[in-house]
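Here are the chains, one letter per residue:
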Amino acid sequence: MVLRGYVPTSEETLQTLAALRLQSLNSDFSTHAPFPRLEELFPPHVLHARLPPPPHRPPAKCRGARLRAGLLAGGLWGQALAKQRAERDQRLRGRLREEGASTMAAIVEKWKLLQGMGRPEAMAAYVALVREWPGFGSTLFDVDLHAVRPRLDVVQEQPWNWATVTPLSPQSPVGSGPQRLWLGIGAKAVSLYKPGEPEPLDSFCYGRISSFGASDSSTFRLSVEDRDLLFETSQVDEIAQLLNTYLASAGAQRLPRLQDPPTSPPASEPTVLPQGLCPARVARPWQHRPPVGSSHS
């Protein structure tokens, strides 16, 4: 989960997690300890994000220009461009090696600070640090949100058309095109995240979800109160199965259980939320905390 980039946090915290992993694997720092590869400790996409973007090439304006570009590409210009690309790729690989070496050095320095921490303690500190993310415990799916539209069985008007698409949030208008999001499915709620953002764009407890289903093999529909959310994903079946599991569990917990007559005054009943309401979620930034346990400089 961490290495795949599904725990959004700072590089500093990611380095601390990598150091804790080394401590749990090898105990205290030693030059003779086996070193895993960096991609087994640290998310590779973070290093790639440091590299400069590829140069922007303006598109050819007309057919004649495209034809001339094609002819040039087959001659000397094509060889020169291929050489330039090869040189640029070599520079990027060298830059990536430098960034990797710098990151590994920072991880090792943090590992040295964990001197004296036991392996179970390091594992517990690792899990405690990851659990600080509010979405911990959810299964995340990469999805493309295509539309947020009024439910047809709620709005009994003209047939829905694309002009009625409403944005999920002011910061992410759906009308500008599909949005790449994380769909987080947890035991208590379904949440939508911008990739890399620790706080969700929106969360829906299961009492607010009226229905869900697959429109086809790659389109998933989630109906939340008066809205239909349409997602494109290659994991339609996995999402549906997980939602079914959580909804069945939530329904079983709400069923009354037969009990013997109480022999003592009953305890106060917990507050039952009306259908369609969720407890207010207190948003708080996910901040790095130093690992618990003994550490010596």
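All figures in this text were calculated on a predicted structure; none of them were measured in a lab.

A. Structural context of the packing of aromatic side chains. Per the stated rule, a full pass over the model turns up 6 aromatic pairs. A centroid spacing of 5.3 Å and a plane angle of 90 degrees characterise the contact between Phe29 and Trp111, whose relative ring orientation is edge-to-face. Highlighted residues: Phe29 in the loop between helix H1 (11-26) and helix H2 (44-49) and Trp111 in helix H4 (residues 76-112), separated in sequence by 82 residues. On the accessibility criterion, Phe29 (27% relative accessible area) is partly exposed.

B. The sheet that holds strand S3 (residues 189-193), seen in detail. With antiparallel pairing, 7 strands are arranged side by side in an open sheet as S4-S3-S2-S1-S7-S6-S5. The open sheet has two edge strands with one neighbour each: strand S4 (202-205) and strand S5 (209-216). The average angle at which neighbouring strand axes cross in this sheet is 30 degrees, direction not considered. Sheet analysis places S5 next to strand S6 (residues 219-224), joined by 6 bridges and oriented antiparallel. Following the sheet pairing, Ile209 is matched in S6 by Val224.

C. Broad picture of the environment of Gly116. Within the fold, Gly116 resides in the loop between H4 and helix H5 (119-130). Classification of Gly116 as partly exposed rests on a relative accessible area of 44%. Separated by 93 residues in sequence, Gly116 and Gln23 have C-alpha atoms that sit 9.4 Å apart.

D. Region of interest: the pairing of S6. The buried count for S6 comes to 5 of 6 residues, which makes it a mostly enclosed element. The turn linking S5 back onto S6 is made up of 2 residues. The hairpin formed by S6 and strand S7 (residues 227-232) contains 2 residues between the paired strands, and Glu225 there has a positive phi angle of roughly 50 degrees.

E. Structural context of the side chain of Ser191. On the secondary structure map, Ser191 appears in strand S3. Here the side chain of Ser191 touches Ser203 through a polar contact of 2.8 Å, side chain to side chain. Not counting residues up to four positions away in its chain, the partners in contact with Ser191 are Trp182, Leu183, Gly184, Pro200, Asp202 and Ser203.

F. Focus on the packing of H1 against H5. Close contact between H1 and H5 brings their axes to 8 Å; oriented N to C, the two are set at 155 degrees. Relative to H5, H1 is oriented roughly antiparallel. In this structure, the crossing between H1 and H5 has a hand that is left-handed. Contacts between H1 and H5 involve Thr13, Thr16, Leu17, Leu20, Arg21, Gln23, Ser24, Leu25 and Asn26 from the first element and Arg119, Ala122, Met123, Ala125, Tyr126, Leu129 and Val130 from the second. Classifying every residue of the contact of H1 with H5 gives 9 nonpolar, 5 polar and 2 charged.

G. Representation of unusual backbone geometry in the model. Its identity as a non-glycine residue notwithstanding, Ser27 has a phi of 65 degrees, on the positive side. With respect to the helices, strands and loops of the structure, Ser27 is situated in the loop between H1 and H2. Here Glu225, not a glycine, exhibits a phi torsion of approximately 50 degrees, which is positive. Position of Glu225 relative to the elements: it lies in the loop between S6 and S7. Judged by relative accessible area, Glu225 falls into the partly exposed class, the value being 36%.

Rules and cut-offs
- Residues numbered from 1 in each chain as written.
- Predicted model: local features only at pLDDT ≥ 70, side-chain atom pairs only at ≥ 80, totals over all residues.
- Heavy atoms only, no water.
- Phe/Tyr/Trp six-rings, centres within 6.5 Å; stacked < 30°, edge-to-face > 60°.
- Helix = DSSP H or I, 4+ residues; strand = E, 2+ residues; numbered from the N terminus.
- Buried < 20%, exposed > 50% of the residue type's maximum accessible area, 1.4 Å probe, protein only.
- Pairing = 2+ DSSP bridges.
- Axes fitted to C-alpha atoms, helices over the stretch in contact; angles between N-to-C directions.
- Polar contact = N/O pair within 3.5 Å; in protein donor to acceptor, adjacent residues only side chain to side chain.
- Contact = heavy atoms within 4.5 Å.
- Parallel < 35°, antiparallel > 145°, perpendicular 65-115°, else oblique.
- Left-handed = near helix turned anticlockwise from the far one by under 90°.
- Nonpolar A, V, L, I, M, F, W, Y, C, P; charged D, E, K, R; others polar.

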